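Fold and geometry: a report
In case you want the letters, here they are:
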Amino acid sequence: MLTIYNHISKVDHNNKTGGRIDILIRIGGKFISIENKIYAGEQENQIERYVNFEKDNNIVFYLTLDGKSYNGSTNSSEATISEEDYYCLSYKNHIKEWLEACLLELENKEQHILKASIKQYILLIKKLTGQMENHEYVELKGAIENNFEAAQAISDNIEKVKNDLLKNFKKKLVEKLKPLKDKKGDDFVIDSNVKDGFILSLYLKKHETTKNVSISVYPFKITNNYGLSKGKITYGIRVKDGDKNLAYELVKDEKKDSWWPVLYHYGDNDYKVNSKILDLNSPVTFSKLADIAFVNKQVEMLTEQIKTFMDEKYDDMMRVV
C-alpha cells in the first residue's frame, strides 16, 4: 500500500529529528523522502532530521533546480551527514528527462491537455534553469496550434484555477489562525473578506469596532497591481485608510508607507524580504499550491511567523486607539 503524507514528528533540534518533509511516501515499511528546494533557504538541521527518520528504511532525495548538494543551515552546527546519506536530484536533468519520457509514453494517446501541460512544464523548467531556446517556442506554438481547443480551455480557466488555489490556501490559514489569542487571552477577530477576499486581517479586541489597525496577510487574489507585496505572500501591520498620524504613532518613521508601516514578505525561516516562496508571479507557485502536503507545510510555517510577529508588535498595537 502506498501512502503520501509529510509530518514525521515534532522538531527536535538537539537530536536532529522531526519536521515536515515536502513529499513523504510510504510503501509497506519503506519510505521515500523528497525535500523540494526552489528559491528557499535551509531550515536548521533540515536534511539531518530527515535522514534520521526511519534511518534504515528511508531513502532521502534533495531536489533542487541544478542538483546542488545540501550545505546545511547557517543556524545549524557543523553538518553530521555526508552525501552518502542522501541523493541529489535536479529539475534541470532528472525531472526534465522524466517528463520527456512521459511525453514519449503519451505519444500515440489522445491526452492532448495532459501532453500540452507536460510540454509547458518542461519549458518552464528550461526557463528556470537557463536552457530554453528559441526553437522551443516554435515547438510550443506548434503544439498550441495543433491542440487549440485544449490550449484555449487552459487559457480561459487558468486565472480561476489560480484564485481557487489561493482561496484554499487562505481557508486553511484562517483555520490555523483561529485558535490564536492575544496576551490577555482574548481571541483575535479574523476578517477574511477584506476587499472581497484579497486581504486576510486579524484585529485585537480593542480594534474590533474601529478596525483602525490590524495584522494582515495578502494577496489572496490574482490582480494587475499587487502594491507593496509585488505578488509575494506578505504580512504586516495595516492601517485603516492609510492614516498617516496613526502609522507614525506605530513606527515613528514618516518615510514608511502609511497603509503598511510594517511589512514583511513571507520567508522560509525568517523575515526574508527577497524570498521567492509563494510568489504569485511564478507558475511554480501554483503547481505547488495544488499539492496538499506543500500547502499544509506553508500554512504551518506562515502561522508560526505570524504568531511571532504578533508577540513582537502586540504592545505597539495596544498603544494606539
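My aim in this report is to walk through the structure given alongside it, one point at a time.

Cut-offs and rules
Residues numbered from 1 in each chain as written. Predicted model: local features only at pLDDT ≥ 70, side-chain atom pairs only at ≥ 80, totals over all residues. Heavy atoms only, no water. Phe/Tyr/Trp six-rings, centres within 6.5 Å; stacked < 30°, edge-to-face > 60°. Helix = DSSP H or I, 4+ residues; strand = E, 2+ residues; numbered from the N terminus. Buried < 20%, exposed > 50% of the residue type's maximum accessible area, 1.4 Å probe, protein only. Axes fitted to C-alpha atoms, helices over the stretch in contact; angles between N-to-C directions. Parallel < 35°, antiparallel > 145°, perpendicular 65-115°, else oblique. Left-handed = near helix turned anticlockwise from the far one by under 90°. Contact = heavy atoms within 4.5 Å. Nonpolar A, V, L, I, M, F, W, Y, C, P; charged D, E, K, R; others polar. Lys, Arg positive; Asp, Glu negative; His and termini not counted. Salt bridge = Lys/Arg side-chain N within 4 Å of Asp/Glu carboxyl O. Expected span 1.5 Å × (residues − 1). Arc of directions from axis to C-beta. Pairing = 2+ DSSP bridges.

**Some details on the packing of aromatic side chains**
- In total, this model carries 11 aromatic pairs according to the counting rule given.
- On the numbers, 5.5 Å between centres and 80 degrees between planes, the contact of Tyr 235 with Phe 309 is edge-to-face. On the criterion of sequence distance, the pair formed by Tyr 235 in strand E9 (residues 234-239) and Phe 309 in helix H8 (residues 292-319) is long-range, its members being 74 residues apart. When sorted by exposure, Tyr 235 lands in the same class as Phe 309, which is buried.
- Between Tyr 264 and Phe 309, the aromatic rings sit 5.9 Å apart at their centres with planes inclined by 85 degrees, giving edge-to-face as the arrangement. In this pair, Tyr 264 is assigned in strand E10 (residues 262-265) and Phe 309 in helix H8, connecting sequence segments 45 residues apart.
- Classification of Phe 309 as buried rests on a relative accessible area of 0%.
- Joined through ring pairs, the aromatic side chains of Tyr 62, Tyr 70 and Tyr 86 make up one cluster.

**With respect to the packing of helix H5 (residues 148-177) against H8**
- Contact geometry for H5 and H8: axes closest at 10 Å, N-to-C directions at 45 degrees. Taken together, the axes of H5 and H8 are oblique relative to one another. Where H5 crosses over H8, the handedness of that crossing is right-handed. Across the interface between the two elements, Asn 168, Phe 169, Lys 172, Leu 173, Lys 176 and Leu 177 of H5 pack against Val 295, Asn 296, Gln 298, Val 299, Glu 300, Leu 302, Thr 303 and Ile 306 of H8.
- When its residues are assigned to classes, the contact of H5 with H8 shows seven nonpolar, four polar and three charged.

**With respect to the side chain of Arg 49**
- Its place among the elements puts Arg 49 in helix H1 (residues 46-51).
- For the buried residue Arg 49, which engages in no salt bridge, the nearest side chain bearing the opposite charge is Glu 48, 6.9 Å off.
- Setting aside residues up to four positions removed in sequence, Arg 49 forms contacts with Ile 8, Val 11, His 13, Lys 16, Thr 17, Gly 18, Gly 19, Gln 43 and Glu 44.

**Examining helix H4 (residues 134-146)**
- Between its terminal C-alpha atoms H4 stretches 19 Å, which fits the 18 Å expected from 13 residues at 1.5 Å a residue.
- Taken together, the buried positions of H4 are Glu 136, Gly 142 and Ala 143. One side of H4 holds all its buried residues, which, seen down the axis, span an arc of 115 degrees. Exposed residues lying more than 90 degrees from the buried face of H4 are Asn 134, Tyr 137 and Val 138.
- Buried residues in H4 make contact with helix H3 (112-128).

**Brief notes about the packing of H3 against H4**
- Interhelical geometry of H3 versus H4 gives an angle of 160 degrees and a closest axis separation of 11 Å. Classified by the interaxial angle, the pair formed by H3 and H4 is roughly antiparallel. Where H3 crosses over H4, the handedness of that crossing is left-handed. Here Lys 119, Gln 120, Leu 123 and Lys 126 of H3 lie close against H4, whose contacting residues are Glu 136, Leu 140 and Ala 143.

**Description of the side chain of Lys 115**
- Within the fold, Lys 115 resides in helix H3.
- Here Lys 115 is buried and forms no salt bridge, its nearest opposite-charge partner Glu 110 lying at an N-O distance of 6.3 Å.

**Considering the environment of Lys 171**
- Here Lys 171 lies in helix H5.
- Here Lys 171 falls in the exposed class, since its relative accessible area comes to 58%.
- When the C-alpha atoms of Lys 171 and Leu 200 are compared, they prove to be 9.9 Å apart, with 29 residues separating the residues in sequence.

**Some details on unusual backbone geometry**
- With an omega of -5 degrees, the peptide bond between Tyr 218 and Pro 219 qualifies as cis.
- Looking at where Pro 219 falls in the secondary structure, it is placed in the loop between strand E8 (213-218) and E9.
- In this structure, Asp 241 takes a positive phi of about 60 degrees despite not being glycine.
- Within the element layout of this structure, Asp 241 appears in the loop between E9 and helix H6 (244-251).
- Asp 241 sits in the exposed class, given a relative accessible area of 58%.
- Positive phi, close to 55 degrees, is recorded for Lys 252, a residue that is not glycine.

**Digging into the pairing of strand E7 (residues 199-203)**
- For E7, a buried count of five out of five residues is recorded, marking the element as mostly surrounded by other parts of the structure.
- Along E7, one buried face is formed by Ile 199, Ser 201 and Tyr 203 and the opposite face, lined by Leu 200 and Leu 202, is buried too.
- Judged from the four bridges that link them, strand E6 (residues 189-194) and E7 form a sheet pairing that is antiparallel. Across the sheet, residue Asp 191 finds its bridge partner in E7, namely Ser 201.
- Pairing analysis gives three bridges linking E7 to E8, with the strands arranged antiparallel. Residue pairing for E8: Ser 201 is matched across the bridge by Ser 216.

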